[in-house]
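Take a look at the letters that make up each chain.
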Amino acid sequence: MEKLTITPVTAYGAPAYPTRGQLEAEPAALRRVPRRWRGQAVVLAVLTGAGVATLAVGTAQAVEKAKIVARLAPLFPLGVERPRLAGDVAVPTLLTEEDARAIVVEEAKKAGISFAPDVLAVEKVRIGKDGNRYANEFQQIDLTLDGTDAGRKIHYEIVTEADLAQWRGGKNAFCISTLDAAVTLREGLSQKLPEGTTVLFHDDGAREALRKQVQEFLAWLKAEGSI
Amino acid sequence: MHLTLHLTASCNLRCRYCYATGRDKGTMTLDTARAAIALGMAELRKKDAKASLGVIFFGGEPLLQRELIREIVRHCRTLEAASGQVFHFKIITNGTLLDEAFLTDPDTREIFVAFSHDGVEAAHDANRVDAEGRGTFAQLSPTMALLLRHKPYAPTMLVVTPHTVRHYADSVAYLFDRGVRYLICSLDYSGAWDAATLKELERQYKTLAAWYARLTLAEEKFYFSPFEVKIASHIYPGSCRSDRCELGQRQVSVAPDGRLYPCVQFVGDADYGIGDVHAGLDEAARRRLYTLNAEEKAECAACAVRERCNHFCGCLNRQATGRLDRVSPVLCAHERIVLPIADRLAARLYQQRSAMFIQKHYNALFPLLSLVEDRTTGIGQ
Ligand code: SF4
Ligand code: SF4
């Protein structure tokens, strides 16, 4: 009998279906509802109530838990991402944390949402190591969300260069953008969702791009019938 | 964290691919089980005081020790009430001793049951035989119906050998048609696979891909592990590596005599011991095995699919090659066969925007949605 051997694959093309992160670019796909669920009011309530939220559950208590609406808004990536260079530690941003928060608060106010700063803490959120969405290792972070409208149960967090620097403990990281970091944080947060709607923005240094993200989020809330 | 309690090395069957045969035939005492549970709880408290402890009843055939199982469950329930630490239980059984009483008894009815069955009669009876060499297919037929009536989500574990590979697709379809919805399939990696049987394996996976596509487009809900795992390894990059067993970090196997091992494959092999229920975990031994296993295998370093390949599994490697750090050529061949078939299947279903495919693979809420659906339509009550 011939001997079987370990034979490495020399080249393998990218599969013709998206990763979970890539699917963010096509939120409509996730809203496709199997025909068998269409007449199922309770299933639809969970599906739409939770949006694309991801709760790691599967028990009877989970059914109870899902009645509390906890959902994540999609990301609103805009514009061209700034390239990151290897060893590029502290890229100066044009926005300070205060500036960035002020933009979100100002835009949200126009839609009647009033954010109070640093109300809600979420502990032990699992993110890709150093904020890298493609990492094979993970780390846990404790987070205080940047703002909360307690009445409407809406929470936001802006992922900034400062957050990235903190997660990687001052170590050099390469090619990690705030959008990449927001993707992995979003995945982690989906397992720890507070009640209400949570949205992540990313600060890529441009004031108008951040404002646009907030506007897109507000348009999304409106389309969802939430404001 | 999980504790796998090898209640006994004895078994009433003599499956031809069984790696448990030939072990000494000891039986665990209640004291050993209690000490194991105390150790598991203490380990868990170091990390998270409220995390739940999984207890898996394993063998040999664990149902040979039915009274011991009941006593262990009662002991854990008492601990639960006192400590607030929650337990959940699972049994992995050949099914021949499973009956209504076990599935309804207040002590044992909450136990999650996983059951071994190799599918159609020709495949099942080729390997899963009793002490007289008789196949167990006919005996298990009513048991399967009974189990699924009480536990519709019970997973079935199917082993494919070079001799039974030509029945693989038929076996999977047979189990599905009987009502099984969770199919955990694996190869007998230590079997005498060759080019011809591997070619047949490829043909069977292609047939299974067509079956999977047809059912998914018909919006059936089911889990067929070889495809699900490979598809997830692309959709969630890194999941293959992070989901692997971490050799003694997340689960510990306890032999009947109380010695500890990192996984079921190692029980009874002194070289792989990582302590004892009374003396505790031997951290140095555990770390040594973990490090040995975590090293990238030299043969695989240049492979384009290594992040999506299961060669990280030290237990499979040990089963097939006798060594933790030596990759099994059968595993390598299997991965190279199944990966492109699973990717083409997923691409086709995605391109057709199959709602069931998208919900199942991209919405981590899927298990909950599915459960809600089943509860509202009366399944699994
Ligand atoms: S396919 Fe083979 S060579 Fe490639 S990583 Fe897997 S076992 Fe190693
Ligand atoms: S039922 Fe399991 S333990 Fe018993 S002989 Fe078969 S494989 Fe081995």
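Just above, that's the structure.
What you see is a predicted model, and the numbers here were worked out from it, not measured in a lab.

Asker: Give a detailed account of empty space enclosed by the protein, specifying residues and quantitative values.
Answerer: All names here are of chain B. Applying the stated criterion to the full structure yields five cavities of 30 Å³ or more. Of the pockets and cavities examined, the largest cavity occupies roughly 100 Å³. Cys300, Cys303, Val305, Cys309 and Cys332 are, among the 14 residues lining the largest cavity, the residues nearest its centre. In terms of residue class, the lining of the largest cavity is made up of nine nonpolar, two polar and three charged.

Asker: So what's going on with the site of ligand 1? Which residues, and what values?
Answerer: Lining the immediate environment of ligand 1, one finds A:Ile6, A:Thr7, A:Pro8, B:Cys300, B:Cys303, B:Val305, B:Arg306, B:Cys309, B:His311, B:Val327, B:Cys332 and B:Arg336. Residue neighbours of ligand 1 fall on chains A and B, so the site bridges chains. Among the detected pockets, ligand 1 sits in the largest cavity. Counted by class, the shell around ligand 1 contains eight nonpolar, two polar and two charged residues.

Asker: I'd like a rundown of the layout of surface pockets, residues and numbers included.
Answerer: Of the voids in this model, the second largest pocket is the one considered here, and its volume is about 340 Å³. Residue classes in the lining of the second largest pocket are distributed as nine nonpolar, seven polar and three charged.

Asker: Describe the sheet that holds strand E4 (residues 112–116) of chain B, with residues and values.
Answerer: Residue and element names in this part refer to chain B. One open sheet accounts for nine strands, arranged E7-E6-E5-E4-E3-E2-E1-E8-E9; its pairing is mixed. This sheet does not close on itself; its edge strands, each paired only once, are strand E7 (223–224) and strand E9 (260–261). Inspection of the sheet shows strand E5 (residues 155–160) paired to strand E6 (residues 182–187) by six bridges, in the parallel sense. Within the sheet, the bridge partner assigned to Val160 lies in E6 and is Leu187.

Asker: Describe the site of ligand 2, and please don't skip the residues or the numbers.
Answerer: Neighbouring residues of ligand 2: B:Cys11, B:Leu13, B:Cys15, B:Cys18, B:Gly60, B:Asn94 and B:Arg128. Of the residues belonging to the shell around ligand 2, the class tally is four nonpolar, two polar and one charged.

Asker: Which residues make up the packing of helix H1 (residues 30–47) of chain B against helix H2 (residues 66–83) of chain B, and what are the values?
Answerer: Residues and elements named next belong to chain B. Following both chains from N to C, one finds H1 and H2 inclined at 35 degrees, their axes separated by 10 Å at the closest point. Of the two elements, H1 crosses H2, and the hand of that crossing is right-handed. Counted together, Leu30, Ala33, Arg34, Ile37 and Met41 of H1 and Leu68, Glu71, Ile72, His75, Cys76, Leu79 and Ser83 of H2 form the full contact between these two elements. Tallied by class, residues from the contact of H1 with H2 come to eight nonpolar, two polar and two charged.

Asker: Pulling in residues and values, what's your account of unusual backbone geometry?
Answerer: The amide bond that connects B:Gly59 to the next residue, B:Gly60, takes the cis arrangement and shows omega of 10 degrees. Mapped onto the fold, B:Gly60 is located in the loop between strand E2 (53–58) and H2. For A:Asp118, which is not glycine, the phi dihedral falls at a positive 50 degrees. Assignment of secondary structure puts A:Asp118 in the loop between strand E2 (116–117) and strand E3 (121–128). According to the relative accessible area criterion, A:Asp118 is partly exposed, its value standing at 40%. At B:Arg353, a residue that is not glycine, the phi angle is positive and equals roughly 50 degrees. Here B:Arg353 shows up in the loop between helix H12 (329–351) and helix H13 (355–362).

Criteria and thresholds
- Residues numbered from 1 in each chain as written.
- Chains lettered and ligands numbered in written order.
- Predicted model: local features only at pLDDT ≥ 70, side-chain atom pairs only at ≥ 80, totals over all residues.
- Heavy atoms only, no water.
- 1 Å grid on protein atoms, 1.4 Å probe; cavity = no way out; pocket = protein on both sides within 12 Å on 5 of 7 lines; lining within 4 Å.
- Points joined across faces, edges and corners; volume = space filled by probe spheres on them.
- Nonpolar A, V, L, I, M, F, W, Y, C, P; charged D, E, K, R; others polar.
- Near = heavy atom within 4 Å.
- Sits in = over half its atoms within 2 Å of the grid points.
- Pairing = 2+ DSSP bridges.
- Helix = DSSP H or I, 4+ residues; strand = E, 2+ residues; numbered from the N terminus.
- Axes fitted to C-alpha atoms, helices over the stretch in contact; angles between N-to-C directions.
- Left-handed = near helix turned anticlockwise from the far one by under 90°.
- Contact = heavy atoms within 4.5 Å.
- Buried < 20%, exposed > 50% of the residue type's maximum accessible area, 1.4 Å probe, protein only.

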